[in-house]
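Understanding the architecture of this molecule
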Amino acid sequence: MAVSSCSFPPRVFNAYSSFECRSDPDFSGTPTGEKPRIGSNRRVTASLFCTGGGGLSSLIFRFPPNFVRQLSVKARRNCSNIGVAQVVAASWSNGPTSGYPSSAAAAASQAAAASVPVSDGVAVVEGCIDNDSVQIGDSYDSKTSFLSSDGSITVHAGERLGRGIVTDAITTPVVNTSAYFFKKTQELIDFKEKRHTSFEYGRYGNPTTVVAEEKISALEGAESTLIMASGMCASTVMLMALVPAGGHIVTTTDCYRKTRIFIETILPKMGISATVIDPADVDGLESALNKNKVSLFFTESPTNPFLRCVDIEKVSKLCHSKGTLVCIDGTFATPLNQKALALGADLVLHSATKFIGGHNDVLAGCISGSEKLVTEIRTLHHILGGTLNPNAAYLIIRGMKTLHLRVQQQNSTALRMAEVLEAHPRVKRVYYPGLPSHPEHEIAKRQMTGFGGVISFEVDGDLTTTIKFVDALKIPYIAPSFGGCESIVDPPAIMSYWDLSQAERSKYGILDNLIRFSFGVEDFEDLKADILQALESIA
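The rules behind the values
- Residues numbered from 1 in each chain as written.
- Predicted model: local features only at pLDDT ≥ 70, side-chain atom pairs only at ≥ 80, totals over all residues.
- Heavy atoms only, no water.
- Patch = residues over 30% accessible without salt bridge, like charges linked within 9 Å, V, L, I, M, F, W, Y side chains within 5 Å.
- Areas by Shrake-Rupley, 256 points an atom, 1.4 Å probe, with all protein chains shown as cover.
- Salt bridge = Lys/Arg side-chain N within 4 Å of Asp/Glu carboxyl O.
- Helix = DSSP H or I, 4+ residues; strand = E, 2+ residues; numbered from the N terminus.
- Buried < 20%, exposed > 50% of the residue type's maximum accessible area, 1.4 Å probe, protein only.
- Contact = heavy atoms within 4.5 Å.
- Pairing = 2+ DSSP bridges.
- Axes fitted to C-alpha atoms, helices over the stretch in contact; angles between N-to-C directions.
- Phe/Tyr/Trp six-rings, centres within 6.5 Å; stacked < 30°, edge-to-face > 60°.
- Expected span 1.5 Å × (residues − 1).
- Arc of directions from axis to C-beta.
- Polar contact = N/O pair within 3.5 Å; in protein donor to acceptor, adjacent residues only side chain to side chain.
- Core = buried A, V, L, I, M, F, W, Y, C linked by side-chain atoms within 4.5 Å.
- Left-handed = near helix turned anticlockwise from the far one by under 90°.
- Nonpolar A, V, L, I, M, F, W, Y, C, P; charged D, E, K, R; others polar.

Some remarks on a nonpolar patch on the surface
A cluster of nonpolar side chains, namely Ile467, Ile494 and Trp498, defines an oily patch on the protein surface of about 280 Å² accessible area. One can find Ile494 in helix H17 (residues 492–495).

This is the structure we're talking about:
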């Protein structure tokens, strides 16, 4: 991993009154007033941190009793979330500079001192040389990685294989800052003219968020990923960025309702029209491409809530022949079960709130694709806002480390449960791409390695019967969303379409007896027993 280097500015320790400094001979051999050059593979002892006046002093620490153990506890307790943020804000750079940093930088760096690792009674810092900058790791490159499985990539991508924040912590620190400062005006000019690597403002980027983006890029095989505050934020910004005023898009009948509302009510205000086709209607897509100058084909696959599947490879070839971009919302599939970019799509979008986060505790959305397209979307995102909080980015990173384990369990449970439900006399119909009865089962088999953890099905009864079944369940929560560790049951007629009349709901195929069930990571036998007893309650 290619890195630049970091330095330790002059600072005076006064946080611990028990520190006792004395003057000892300077064994470094460095002339007075000059900073020692420390090789990137050498340690920097605590004596380098105790300074006096404007230059490096030969003062060294005489540590109080039990200091090593106490500092270790403090380092663990404080972890460097704040300290690393201040160091990054004060010293981020990827090129050598000269001279000592400003007094503001020196002051900001003091807060990070407590997190310096300790070994053999001496405070040490690994892998740094003295050129007044924080190390910046290379971006993760999936083409040259020694990791071959998605499971390993979800754990290490963006972190062990190239994290921009220098720290010995296994987990990525949360950089809680709204802005980043520049030591000199020339450094700001260099940044603006792309000769200096840094961040500028929290809305434009954050070191913690970059790690989450690089992890998703590695998993999707994408050049770039942009992560935002929610899945809907990602969808709306993408549509506005890529479809010009007066443009035309093609989308599908079955989709998340809020996406449909945006396409039907907001885009027309910009003069953007839409053709809506059945997910399997390739002829309808071709007709729309011939009749209109279509900028974008945007669909979910599988769709919400009927889990319809689009032949991504076929529609991508067709759209590209007409100069039309293809964006696939792969939230239900996850990046593990389906690689939309490898199948020919230009962009893949996820509500990272769902399987990617995986713990029902964070909102986020992401878009992955070529650097060119993602940059176009990022430019508008910087204007509109919708920035992901770095604490939320940390939760996404944390959640992704178990993504492959969770999805494996959820795939297995959903498929087995779909087969049980389809054979049950109290169930009228099951919607799941893993079943041969699903209209796009063959498409799903070709382009998916797993069929996901969500099933939709219709119980045999009316709204009252449906309510009785849902209330009889003991394990799942009655809630919106899906993809988390906890199972969730959602009656769409009530949860998402209750503001519409029964007749209006029926236009979208949303019947009163429809159930959407998101399987968590609970034991299959427990879930099976719970669902079967609930079905018995409506017999």
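Some words on the environment of Val374
You can see Val374 is positioned in helix H12 (residues 371–384). Residue class for Val374 comes out buried when judged on its relative accessible area of 1%. Each C-alpha atom, one on Val374 and one on Met238, is 8.7 Å from the other, the two residues being 136 residues apart in sequence. Beyond its immediate sequence surroundings of up to four residues, Val374 is in contact with Ser224, Thr225, Leu226, Leu347, Ile367, Ser368 and Gly369.

Looking at the sheet that holds strand S14 (residues 477–478)
Pairing is mixed in the open sheet, where 5 strands are placed in the order S12-S13-S16-S15-S14. Because the sheet does not close on itself, it has two edges, and the strands there are strand S12 (427–431) and S14. Where strand S13 (residues 454–459) lies against strand S16 (residues 514–518), 5 bridges are found, and the strand directions are antiparallel. Opposite Phe457, over in S16, you have Ile515 as the bridge partner. Helix H14 (residues 403–422) rests against S12 and S13 of the sheet, and its axis sits at about 10 degrees to S13.

A look at the pattern of salt bridges
Throughout the structure, instances matching the rule amount to 18 salt bridges. Here Asp150 and Lys339 are joined by a salt bridge, their closest N and O atoms 3.1 Å apart. On the criterion of sequence distance, the pair formed by Asp150 in helix H4 (residues 150–156) and Lys339 in the loop between helix H11 (334–337) and strand S10 (347–351) is long-range, its members being 189 residues apart. For Asp150, a relative accessible area of 24% gives the class partly exposed. On the accessibility criterion, Lys339 (24% relative accessible area) is partly exposed. The partner of Lys317 in a salt bridge is Glu313, with the nearest N and O atoms 3.7 Å apart. Taken together, the residues span about one helical turn, with Lys317 and Glu313 both in helix H10 (residues 312–321) at a distance of 4 residues.

Comments concerning the packing of aromatic side chains
Throughout the structure, instances matching the rule amount to 10 aromatic pairs. Ring centres of Tyr432 and Phe451 lie 6.3 Å apart, and the angle between their planes is 75 degrees; on these two criteria the pair is classed as edge-to-face. Taken together, the positions of Tyr432 in the loop between S12 and helix H15 (441–447) and Phe451 in the loop between H15 and S13 put the pair 19 residues apart, joining distant regions of the chain. Each member of the pair, Tyr432 as well as Phe451, carries the same accessibility label: buried. Taken together through their ring pairs, the aromatic side chains of Phe332, Phe355 and Phe482 make up a single cluster.

What to know about helix H19 (residues 524–536)
When the terminal C-alpha atoms of H19 are compared, their 18 Å separation across 13 residues agrees well with the 18 Å that a helix rising 1.5 Å per residue should span. The set of residues buried in H19 consists of Phe524, Leu527, Asp530, Ile531, Ala534 and Leu535. The arc that holds every buried residue of H19, seen down its axis, measures 135 degrees, which confines them to one face. Considering only its buried residues, H19 is in contact with H14, S12, S13, helix H16 (463–472) and S16. With a side-chain oxygen lying 3.0 Å from the backbone nitrogen of Glu525, the N-terminal cap of H19 falls on Asp523.

Observations concerning the nonpolar core
Of all hydrophobic cores here, the largest spans 31 residues; its most connected members are Leu421, Val430, Ile455, Phe457, Phe469 and Ile531. Elements with a contribution of two residues or more to this core: H14, S12, H15, S13, H16, S16 and H19. A per-element tally of this core places H19 first, with 5 residues. The next biggest cluster of nonpolar side chains, apart from the first, holds 28 residues, and it includes Ile153, Leu219, Ala364 and Ala392.

Some words on the sheet that holds S10
In space, the 7 strands of this open sheet follow the order S5-S11-S10-S9-S8-S6-S7, with mixed pairing throughout. Looking at which strands have only one partner, the edges of the open sheet turn out to be strand S5 (224–228) and strand S7 (273–277). Strand-to-strand twist across the sheet, computed as the mean angle between neighbouring axes with direction ignored, equals 20 degrees. With 5 bridges connecting them, strand S8 (residues 294–300) and strand S9 (residues 325–329) associate as parallel partners. When the sheet's bridge partners are listed, Phe298 is paired in S9 with Cys327. Contacts from H10 reach S8 and S9, with the element oriented near 155 degrees to S9.

Quick look at the environment of His404
In this structure, His404 sits in helix H14. By relative accessible area, His404 is classed as partly exposed at 24%. Along the backbone, His404 and Asp150 are 254 residues apart, and their C-alpha atoms lie at a distance of 7.2 Å. When near neighbours in sequence (up to four residues on either side) are disregarded, His404 contacts Gly151, Thr154, Val155 and Leu336.

What about the packing of helix H6 (residues 207–220) against helix H13 (residues 390–400)?
Interhelical geometry of H6 versus H13 gives an angle of 35 degrees and a closest axis separation of 8 Å. Here H6 and H13 pass one another in a crossing that is left-handed. Where H6 abuts H13, its residues Thr208, Thr209, Val211, Ala212, Lys215, Ile216 and Leu219 lie against Pro390, Ala393, Tyr394, Ile396, Ile397 and Met400. Across the contact of H6 with H13, the residue classes tally to 10 nonpolar, 2 polar and 1 charged.

Some points on unusual backbone geometry
In this structure, the amide linkage connecting Ser301 to the following residue, Pro302, adopts the cis form with an omega of -5 degrees. The step from Asn304 to Pro305 runs through a cis peptide bond, and the omega angle for that step is 5 degrees. Take Pro305: it is sitting in the loop between S8 and H10. Even without being a glycine, Lys194 presents a positive backbone phi close to 65 degrees. Summarising the element assignment, Lys194 is placed in the loop between helix H5 (185–192) and H6. Judged by its relative accessible area of 75%, Lys194 falls in the exposed class. Even without being glycine, Thr334 reaches a positive phi, approximately 70 degrees.

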